[in-house]
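Observations on the model geometry
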Amino acid sequence: MANYHKMEASSVQTLKDLANKLRIDSIVATNASKSGHPTSCASMAEIMSVLFFHTMRYKVSSPKDAANDRFILSKGHAAPILYAAWAEAGLFPVSDLTNLRKIDSDLEGHPTPRLNFIDVGTGSLGQGLSVACGMAYVGKYFDKSSYRTFCLLGDGESAEGSVWEALNFASVYNLDNLVVIFDINRLGQSGPTPLQHDMEVYRQRVTAFGLNAIVVDGHDIEELTKAFHEASITKGKPTAILAKTFKGKGFINIEDAEKWHGTPLNDKTVKVLEEINGQIRNKKMPVNIPKPIADVPAINITNVHLSSPPNYTLGEKIATRVAYGTALAKIAENNNRVIALDADTKNSTFSDKIKVKYPERHIECFIAEQNMVGIAIGTACRDRTIAFVSTFATFFTRAFDQIRMGAISQTNVNFVGSHCGISIGEDGPSQMGLEDIALFRSVPGTTVFYPADAVSCERSIELAANTKGICFIRTSRPATAVIYKNDEVFEIGKAKVVKSSPSDKVLVIGAGVTLYEALSAAEDLEKSGISVRVLDPFTIKPIDAATIIKNAKECGGRIVTVEDHYAEGGLGEAVLSAVAEEKDIIVRKLAVTAIPRSGPSNVLLDLFGISAKNVVAAVKKFVN
């Protein structure tokens, strides 16, 4: 093989010794915590030794340096050996490993970014490779730098479809800076994996997905170093190293045995440690970590603004999904790290507006929403991009696990869900986002925008680009009238009263299309001598409790909410939470309470109880 130099025997022995030291560290840590997965660590010890002390380039003193190679441990339950690798590299004392899983320690049962050497939380299996693809994509196409991305998966998690979505993505985009390592140790949690050690089937499947597949003995140092070298010189496609390993490798009477998943060695410890210690030739092991290549560009993703303010005419009808595309292109003009990811809906979500102006900054993820979310999380790691992810709002529900793991990962990703609610019309219930607000409200640290018109939508995109954590912007399919002036100022957590008078009897709160139903109802009610106040919350989370409470009290303590969403978890329940501790405020909710059907938008709003006619009826019943 070109430029490959066979390792000296002493170097091979050092890496063998380090692998066994990592095994010992994992045993000691899991015994100390009385929980954990030492056998899952043992199967990958040689892989970790070669990666961390021979192959990867990184600064121990600065684990998240932009130039460092990236490493994602997708099989997060093997966290003890990852912690051990960083400790043996010198980041923190090896003795700290005995704090594993303790309440006052950040060495948690599965890795999270509370630790300065962890980019994303893992452990919900099948997700790490998608994140790694996002990192590799940024490295190849945006940073155009030398760092590489390594992702280690378990064979059990390869049953997850998102793994194969990620392999497909990696191949389509020629991510030759990505190395995928499968730790094929034959055993899952409760029994053998589907293919066990059928390495040829693994090779055929991975090859069919377009990767350079290399089958190795995962406990052979020289085979591993040669495979990683081949990966480094393979161009035009990613490499998958398929490592045949044994769970509990080196553990007497435990190796390759079932019923040892997630179990400390306990009374088996002494004999196992004696055996492993007996294999270590050099007690003082020199650590040689290659230095990264400092060729990563400096970037700035702060203070992002629209390149020009909104430019609409009051009363003009524009769908907020269209305004999203306009705003996306505007902020992209002002910052070259604004990117868009879409799942083959770009001409419906209007993310294609950035593709027209900056095609290199639009990532087509195809119809694989779970993978798309993981990729977005990867692109946002280490603050390398400002990522906006769009599809129909309802399709984010299939990626709920990836989204919640994004929150655990402290990600800064912006999700834009179009085609929300029954107002989309004839496409029918499979396309209607009716759970999306509940989904994103339930995730810790999220900001949920629900802009009603084009002006507020453009400003919500600008605000989201500058907001830490997960943001969700809900956009609508129908065109709605512009009700705000172009210079209107919007803030997160600040509602807008769009109609009021001193004699208002009820506060009506609508959002998106239902804000217009509320305004229409207000006009009809005036003909009956009933004056109502109408409020646009702008953000559903955080909800503007102070403004809602103040206006509700001025309207006799009566609130009617109307929303194009199921009754559970949406606008109405956000308002209920805001006023829960207030005396003499009553909330009545209008929401979609049954599975809808196809039909014209206005007919559906009426049929499912959220049209202006239904608001009028609810208000009259309230005041009478």
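Residues numbered from 1 in each chain as written. Predicted model: local features only at pLDDT ≥ 70, side-chain atom pairs only at ≥ 80, totals over all residues. Heavy atoms only, no water.

Observations concerning the overall build of the protein chain
Operational definition: Strands here are runs of E lasting at least two residues and helices are runs of H or I lasting at least four, both read from the DSSP assignment and numbered beginning at the N terminus. Only C-alpha atoms enter the radius of gyration, while the globule expectation follows 2.2 Å times N to the 0.38, with N the number of residues. Throughout, exposure labels follow a simple rule: accessible area from a 1.4 Å probe, protein chains only, divided by the maximum for the residue type, with under 20% read as buried, over 50% as exposed, and the rest as partly exposed. By definition, residues are in contact when any of their heavy atoms lie within 4.5 Å. For the area figures, the Shrake-Rupley method with a 1.4 Å probe applies, and any residue is considered shielded solely by the protein chains shown.
Across its full length, the protein chain holds 21 helices and 19 strands. Here the C-alpha radius of gyration of the protein chain, 28 Å, is about what a compact globule of 624 residues would show, namely 25 Å. For the protein chain, the spread of C-alpha atoms along the principal axes amounts to about 95 × 50 × 40 Å. The buried share of the protein chain, reckoned over its 624 residues, is 62%. Across the protein chain, every contact between residues at least 6 apart in sequence was considered, and the portion connecting residues at least 24 apart equals 79%. For the protein chain, the computed accessible surface area is about 23400 Å², with 49% contributed by carbon and sulfur atoms.

Focus: the sheet that holds strand β14 (residues 496–499)
Inclusion rule: If DSSP finds at least two bridges between two strands, the strands pair. Only the stretch in contact is used when fitting a helix axis, every axis being a line fitted to C-alpha atoms; angles between N-to-C directions are given from 0 to 180 degrees.
Strand order in the open sheet made by the five strands is β14-β16-β15-β18-β19, with mixed pairing throughout. Here the strands that pair on one side only, and so sit at the sheet edges, are β14 and β19 (586–592). On average, each strand axis in the sheet is tilted by 25° relative to the strand beside it, whichever way the strands run. Strands in contact with helix α19 (residues 571–579) are β15 (506–510), β18 (558–566) and β19; relative to β18, the strand with the most contacts, it is inclined by about 145°. Most of the contacts of helix α21 (residues 612–623) go to β18, to which it runs at about 150°, and overall it touches β15, β16 (532–536), β18 and β19.

Overview of the pattern of salt bridges
How we decide: Only one rule defines a salt bridge in this text: a Lys or Arg side-chain nitrogen within 4 Å of an Asp or Glu carboxyl oxygen.
Considering all chains together, one arrives at 32 salt bridges under this definition. A salt bridge links Glu108 to Arg114; the shortest N-O distance between them is 2.7 Å. Asp256 serves as the salt-bridge partner of Arg186, at 2.9 Å between the closest nitrogen and oxygen. Here Arg186 is found in the loop between β3 (178–184) and α7 (199–208), whereas its partner Asp256 is found in the loop between β5 (239–244) and α9 (269–277), with 70 residues between them in sequence. Of the residues examined, Arg186 reaches a relative accessible area of 14% and is grouped as buried. A network of salt bridges, in which partner residues are shared, links Asp504, Arg533, Lys550 and Glu554.

Some remarks on the nonpolar core
Note that soluble globular proteins tend to have their nonpolar side chains buried in a common cluster. Going by this rule: Put simply, a nonpolar core is a bunch of buried Ala, Val, Leu, Ile, Met, Phe, Trp, Tyr and Cys residues held in one set by side-chain atoms that sit within 4.5 Å of each other.
Ranked by internal contacts, the top residues of the largest apolar core, which has 83 residues, are Leu129, Phe182, Leu341, Phe415 and Ile559. Examining the composition of this core, we find that nine residues originate from one element, helix α5 (residues 128–142), more than from any other. Ignoring any residue separated from it by four or fewer positions in sequence, one finds Leu341 in contact with Ile363, Cys365, Met372, Ile375, Ala376, Ala387, Phe388, Val389 and Ser390. Residues Phe53, Val60, Ala89 and Ala243 belong to the second largest nonpolar core, which totals 53 residues.

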